[in-house]
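Structural overview for review
Spelled out from the first residue to the last, the chains are:
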Amino acid sequence: MKAILQGCLMAALLALSVPAVATLNVFATVPEWGALAEELGGDKVSVYVATNALQDPHHIEAKPSIIARARSADLVVATGAELEIGWLPLVTQRSGNPKIQAGKPGYFEAAAYVTMLEKPSRLDRADGDVHPGGNPHIQTDPRNVLRVAAPLTARLVELDPANAAYYQERGKAFSERFGTAIGNWEKLAAPLKGVPIVVQHKAFTYLIAWLGMNEVAALEPKPGVEPTTAWLSEVLALLSRQQAKMVIRAAYQSDRASQWIAERAKINAVALPFTVGGTPEAKDLYGLYDDTITRLLKGAK
Amino acid sequence: MPSPLLVRSALALALVMAADVHAATDADLAEIRAQIRQLKQSYEARIEALELRLQAAEAKSAAAPVAAAPIAAQPVAAAAAPAPEPVVAANAPAAPAGGISAFNPAISAVLQGTYSNLSKDPGKYALAGFAPSGDIVPAPRSFSISESELALSASVDDKFYGNLIFSLTPENTVSVEEAYGVYTAAPWGIAPKFGHFLSSIGYLNDQHQHAWDFYDAPLVYQAFLGGQYQNNGLQAKWVAPTDLFVELGAEIGSGESYPGNSRNKNGTGNGNAYVHVGGDVDASSSWRAGLSYLQTAAKNREYSQLDTTGNDAQLAFTGKSKVAIADFVWKWSPNGNAQERNFKLQGEYFWRRESGDLTYDADGALGLNQTGGYRSDQRGFYMQGVWQFMPAWRVGVRYDWLNPGSVDYGSNGAYLAGSSFNPQRTAVMFDWTPSEFSRFRVQFQQAKLRPDFTDNEIFVQYILTLGAHGAHNF
């Protein structure tokens, strides 16, 4: 036993003494920040994304694989606003990596640079899975991604000053290109203004605010609480008075409740990618919003 | 550190009155109100925020200008990228609430209670062929609160983190579950832990009871570790900087937890070491496996056992105790999304070897007090599977098996005999988890602990968690 331990430690020390690799290891909690880090960091960063678009970001476990990747990360890019409260603190703590602890330059929270919506006026778990910092699903509005891009670029520069010019150049290019894309998406999405919709989980608050859609109801009686038949019946009754065009859900959510409502209220059920990788078309940040708007336009017909 | 009100009012002034940050006049305020009213129809959420800021501005307008410029400048500069349309506020990270409670630690409480129905007298609980470890009685009959916990944790300063968890037992006593500090500023990813904590040997050992998938601990934990192994001492863990999860850990301590005991001795009383490895097979499957070793010693560890003539003899063991554990856990969920359906398979195999001296009739009640050699080699395992078949609902099965193995009583062999009976237990549980913070469980189990002792048990249990958000452990 002792010999094995010694052997392991020796091997580890040898591994540590090898000169550090040139790229910055970025650990993104969710795919959108992984995609953004790739846009901004290019080949100077190596990006690991801890979750995929088909996973509910609220309910992730501190898996061994995630802890292992956090161990060698130089920068953690998280959403914040308690989206990852159930697992990220445990991951950073168990990884033992001093660089990525909260408060260190290697820990970045996107929500700090965005205007948060739905900040609860009272905090009580009787209201469901409420987040004290506001609704954490900020990436559904691309303008938030743009807002996060500048401080994230600054952070990359801070951690890897040798490549400062490279990051700044890419940051500028991204902002210009993405800014233009946002303008195009807004033109494309003009018909969606005022369209009444139903959401499954309150995951699209920012998207709805951005495109000026009208959220009529949510299928979850309270955030994070599974829809019950009684509640769905109430929603159905509401929809008979106030027509909605479609019910939207994130790719990671079960389609049961959406389908139930869609069939009975005779509205479209639309699955949105929610983040990069949520649909085959949402390959990157551009594809994410292209596809989101395409699907919404289709659903609104 | 400026007060939050100051920050808010500073922001408000900076944003609403952009260039001119002198004390607000009544006319200015009236104009802002008018603007707000206009916007209200379409931007209710944003307006609320603005109104708050406005109130703050009214209250503190005189004090604001000093702090306004630098504080407001920072986030605005950070969001300097060309925004497609002006935003109401590029807000700074929210300032936390101040005051005397501002640095209060995170607090959480776990409330647990049980209704139990046992066919046999829990006072007669014992495992054939195993030295009783103390805490193996599942629960008192009927209603009881099982261990309820109160936990406090926070960063101490820039170098330390502290955690205190105490539990309230059904007997109305308070005991320390964990009370430890962590040195967070250590290099090489080592975060030394010191104090009283659950050892990280095995898989289940460092998980709190309320996080278990069954009401009670597996038999191997009860037989070999007396429930859970508490380490009172030091721990160092290190995670290798590799894509495969490799964690090495070592602990030393006072050795006062079963199978050791308090020996009135300087130095260390136990040493533990373990290796955990883990990873993902694909997006759906993850695993972890481990090997652990614990060495400790006991001095006059007393227990009573029926001897070959049927007397209840008091025995005392003095010697070394070595425990080895092999554990694994495998979890599956479609694409790693455990919300709808998931499956967890877990098992642990225990070996324990004890060698030393055994005093027969330690209290002299039988007038036969004598000490002889003692050597035991025992093992056991449990295996369990838990299936979440729809959101919030799970069903699980567990099988426990113990092998009393070989016990050499040396010169006490005339009075004491080993057992060849394998204690076994089979459990089935259902639980309902309406949210992350509440769980209700019913568990049926049959425990064949001795040839003449088969207990049929029913437990109904609730677990309620209040306060700070718990961690999603793998």
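Residues numbered from 1 in each chain as written. Chains lettered and ligands numbered in written order. Predicted model: local features only at pLDDT ≥ 70, side-chain atom pairs only at ≥ 80, totals over all residues.

1. Observations regarding the overall build of chain A
The helix and strand tally for chain A stands at 10 helices and 8 strands. Each principal axis of the C-alpha atoms in chain A carries an extent, and together these give about 70 × 50 × 35 Å. Relative to its 301 residues, chain A shows a buried fraction of 54%. Considering only contacts in chain A between residues 6 or more positions apart, those separated by 24 or more positions represent 63%. (Helix = DSSP H or I, 4+ residues; strand = E, 2+ residues; numbered from the N terminus. Buried ≥ 20, exposed ≤ 12 C-beta atoms within 10 Å, placed from the backbone. Contact = placed C-beta atoms within 7 Å.)

2. Thoughts on the overall build of chain B
Looking only at helices and strands, chain B has 5 helices and 17 strands in total. Expressed as a percentage of the 474 residues in chain B, the buried residues total 35%. For chain B, restricting intrachain contacts to residue pairs at least 6 apart in sequence, the fraction spanning at least 24 positions comes to 61%.

3. Considerations on the packing of helix 2 (residues 31-41) of chain A against helix 5 (residues 142-159) of chain A
Residues and elements named next belong to chain A. Relative to each other, helix 2 and helix 5 sit at 55°, their axes nearing to 10 Å. As far as their axial angle goes, helix 5 and helix 2 are oblique. Crossing handedness for the pair helix 2 and helix 5: right-handed. Every residue of helix 5 that contacts helix 2 at Glu32, Leu36, Ala37, Leu40 and Gly41 is listed here: Val145, Val148, Ala149, Leu152, Thr153 and Leu156. Of the residues contributing to the contact of helix 2 with helix 5, the split by class is 8 nonpolar, 2 polar and 1 charged. (Axes fitted to C-alpha atoms, helices over the stretch in contact; angles between N-to-C directions. Parallel < 35°, antiparallel > 145°, perpendicular 65-115°, else oblique. Left-handed = near helix turned anticlockwise from the far one by under 90°. Nonpolar A, V, L, I, M, F, W, Y, C, P; charged D, E, K, R; others polar.)

4. Digging into the sheet that holds strand 5 (residues 196-199) of chain A
Residues and elements named next belong to chain A. Taken in spatial order, the 4 strands make up an open sheet running 6-5-7-8, and their pairing is parallel. Two strands bound the open sheet, and with one partner strand each, they are strand 6 (214-218) and strand 8 (268-272). Adjacent strand axes in the sheet meet at a mean angle of 35°, parallel and antiparallel pairs treated alike. Note that strand 5 and strand 6 share 4 bridges and pair parallel. (Pairing = 2+ DSSP bridges.)

5. With respect to the domain arrangement of chain A
Interface extent is often summarised as the accessible area lost during association of the parts. All names here are of chain A. We note that the domain assignment places domain 1 (22-184) and domain 2 (189-300) within chain A. One C-alpha centre belongs to domain 1, the other to domain 2, and the line joining them spans 25 Å. Taken together, the contacts link 29 residues of domain 1 with 24 residues of domain 2. Put simply, the parts of the chain that give the side of domain 1 that touches domain 2 at least two residues each are helix 2 and helix 5. It is helix 2 that contributes the most residues to the side of domain 1 that touches domain 2, 5 residues altogether. Looking at the side of domain 1 that touches domain 2 residue by residue, the classes come out as 12 nonpolar, 9 polar and 8 charged. (Domains from an automatic or database assignment.)

6. Focus: the interface of chain A and chain B
Of the residues lining the interface, 52 residues belong to chain A; the matching set on chain B comes to 52 residues. Among the elements that line the side of chain A that touches chain B, the one with the most residues is helix 5 of chain A, at 7 residues. Grouping the constituent residues of the side of chain A that touches chain B by class yields 26 nonpolar, 16 polar and 10 charged.

7. So, the nonpolar core
Counting 100 residues, the largest nonpolar core has Val26, Ala28, Leu36, Ala37, Val76 and Val77 of chain A as its most contacted members. At 7 residues, helix 5 of chain A tops the list of elements feeding residues into this core. Once residues lying within four places of it in the same chain are set aside, the contact partners of Leu36 of chain A are Val145, Val148, Ala149, Leu152 and Leu285 of chain A. Residues Phe224, Leu225, Tyr229 and Tyr274 of chain B belong to the second largest nonpolar core, which totals 37 residues. (Core = buried A, V, L, I, M, F, W, Y, C linked by C-beta atoms within 7 Å.)

8. So, unusual backbone geometry
Phi is mostly negative for residues that are not glycine, and the peptide bonds are mostly trans. Residue Pro259 of chain B follows Tyr258 of chain B across a cis peptide bond; omega there is 10°. Relative to the helices and strands, Pro259 of chain B resides in the loop between strand 8 (245-253) and strand 9 (270-280). Backbone geometry at Ala81 of chain A places phi at a positive 50°, although glycine is not the residue there. With respect to the helices and strands, the residue Ala81 of chain A is situated in the loop between strand 3 (75-78) and helix 4 (88-95).

9. Focus on the sheet that holds strand 3 of chain A
Residue and element names in this part refer to chain A. Read across the sheet, 4 strands follow the order 2-1-3-4 without closing on themselves; strand pairing throughout is parallel. At either end of the open sheet lies a strand with only one pairing partner, and these are strand 2 (45-49) and strand 4 (107-109). Recorded for the sheet is a direction-independent mean angle of 20° between the axes of neighbouring strands.

10. Some points on helix 3 (residues 64-71) of chain A
The element helix 3 of chain A is extensively covered by neighbouring structure, given that 8 of its 8 residues are classed as buried. Burial in helix 3 of chain A covers these residues: Pro64, Ser65, Ile66, Ile67, Ala68, Arg69, Ala70 and Arg71 of chain A.

11. Observations regarding the environment of Phe160 of chain B
By the secondary structure assignment, Phe160 of chain B is in strand 4 (residues 160-168). Apart from the residues within four sequence positions on either side, Phe160 of chain B is in contact with Gly181, Val182, Tyr183 and Thr184 of chain B.

12. Section: the pairing of strand 5 of chain A
Residues and elements named next belong to chain A. For the crossover from strand 5 across helix 7 (residues 205-211) to strand 6, the handedness is right-handed. Sheet topology places strand 5 next to strand 7 (residues 246-250); 3 bridges connect them, and they run parallel. Bridge pairing in strand 7 links Val199 to Ile248. (Right-handed = clockwise from strand over helix to strand, strands pointing away.)

13. Section: the pairing of strand 9 of chain B
Residue and element names in this part refer to chain B. As judged from the 9 bridges shared by strand 8 and strand 9, these two strands associate in the antiparallel manner. Bridged to Phe245 within strand 9 is Gly278. Here 11 bridges tie strand 9 to strand 10 (residues 285-306), and the two strands are oriented antiparallel to one another. Note on strand 10: the bridge partner recorded for Tyr274 is Ser292.

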